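Examining the three-dimensional arrangement
For reference, the chains in residue letters:
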Amino acid sequence: MDNPLEDSGYLPWPEAGDWQDLSVYRREGVALLVLDRLKADRRAARQAANNLDDRLMGELQGALACVDRADGISGILLASGHRLAFSVGAKIDVVLGATFEQALSIVQRAQQLILRLHRTRKPVVAALNGLTFGGGLEIAMACDYRVAGDRGNVLFGLPETSLGILPGMGGTQNLPRLVGQERAREFILDARADLAPTAALALGLVDAVVPYDTLLETAWTWARGNAPRGNAPRGASPRGPLSKTFRPPDGEPTGDRERIRRELRDWMAGWTPDRERPGRGSPLGQAAAQFVLERTSPERWLEGLAYEQEAFAFLVATEDAQEGVRALREERPPVFRRR
């Protein structure tokens, strides 16, 4: 899948919008959205690996809205134009020096993309061709179906707690929904960033693992509603139309913000080192992630996003989170001081 558009059946679709970091095509009732950040500069594109900044996330929301309204489209396929990565996640250095209020605004904007994916009327299939970390994995989890290629560079992870923060694009809500509460807790608190496709399939994180060279074609077949018998995604009938797998309630992430903040402060004050898990997760990141996960349930999904927002913003304002992000930029181990 080094060139996802080798199949001449994909036709550019300018009516779906003119975007800088996103290309949109259509083929036989399927819209193909290709993440292609910094596509004019191939060297920069290799380095960026589809980092999710405000522009790319906004373009995705705009394209999804256009495609969702279009006649003759029954499915949406989300893929990457990057040779080695689907997306390595958010452009995290935007939180350097951010205040609580600024961090809250950042995470609220990011969650709008997740809500847009969940609320499309048409099912979305993600073709995962490489590194799928952080916000990239959170985008994939907000799609209805996930198909992974079987190559060694295809890895999944949510490494945020190793930076002193936590997943902020619905990861604390969608991962438990897909793999169960306990497995999600271990994955997030341990800051896993090494999950291979077969392990992701066994966990329930992806719906299928297919030969790498057939990834895009297989995912397109699914999006068209023709999953081959024996390879149909969970909950779908072979050679029948796909359906949405999860629809959150209407409205925005909501909750009693003062109560959430008070609960979070009390929780963090009562967190003790004996509750920490060994591994890469930072002490404060683990504590705040556990706080949010304890309050996660399908019935409280939107409120769970509000908890996630508040915990993310709380962490960003800590010294440890600022140290974690600086250490990542400087390519050195972080030194966390639990403050």
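Notes on the structure in this doc start here. If you're wondering where the values come from, they're calculated on a predicted model, not measured in any experiment.

**Some details on the pairing of strand β4 (residues 75-80)**
Most of β4 is tucked away, with six of its six residues classed as buried. Judged by which residues are buried, β4 turns out to be covered on both faces: Gly75, Leu77 and Ala79 on one side and Ile76, Leu78 and Ser80 on the other are all buried. Relative to strand β6 (residues 124-128), β4 runs parallel, the two sharing three bridges. Each residue of the ladder has a partner; that of Leu78, found in β6, is Ala126.

**Notes on the sheet that holds strand β8 (residues 145-149)**
An order of β1-β2-β3-β4-β6-β8-β10 is seen for the seven strands of this open sheet, with the pairing classed as mixed. Every interior strand has two partners, whereas the edge strands, β1 (11-12) and β10 (208-210), have only one. By the bridge criterion, two bridges tie β1 to strand β2 (residues 22-27) in an arrangement that is antiparallel. Its bridge partner lying in β2, Pro12 is registered against Tyr25. Contacts from helix α2 (residues 54-69) reach β2, β3 (30-35) and β4 within the one sheet, and its direction differs from that of β3 by about 175°.

**A few points about the pattern of salt bridges**
Across all of its chains, the model carries 24 salt bridges by this definition. Of the charged contacts, one joins Arg295 and Glu263 as a salt bridge, the two residues approaching to 3.4 Å between their closest N and O atoms. In this pair, Arg295 sits in the loop between α10 (283-293) and α11 (301-316) while Glu263 sits in helix α9 (residues 257-270), placing the two residues 32 residues apart along the sequence. In this structure, Arg339 engages Glu319 in a salt bridge whose closest nitrogen and oxygen atoms are separated by 2.9 Å. Residue Arg339 is found in the segment after α12 (319-330), and its partner Glu319 is found in helix α12; the two are separated by 20 residues along the sequence. Residues joined in a network through salt bridges with shared partners are Arg259, Glu263, Arg295, Arg300 and Glu303.

Conventions and cut-offs
Residues numbered from 1 in each chain as written. Predicted model: local features only at pLDDT ≥ 70, side-chain atom pairs only at ≥ 80, totals over all residues. Heavy atoms only, no water. Buried < 20%, exposed > 50% of the residue type's maximum accessible area, 1.4 Å probe, protein only. Helix = DSSP H or I, 4+ residues; strand = E, 2+ residues; numbered from the N terminus. Pairing = 2+ DSSP bridges. Contact = heavy atoms within 4.5 Å. Axes fitted to C-alpha atoms, helices over the stretch in contact; angles between N-to-C directions. Salt bridge = Lys/Arg side-chain N within 4 Å of Asp/Glu carboxyl O.

Bear in mind that shape data such as this cannot, by itself, settle questions of function.
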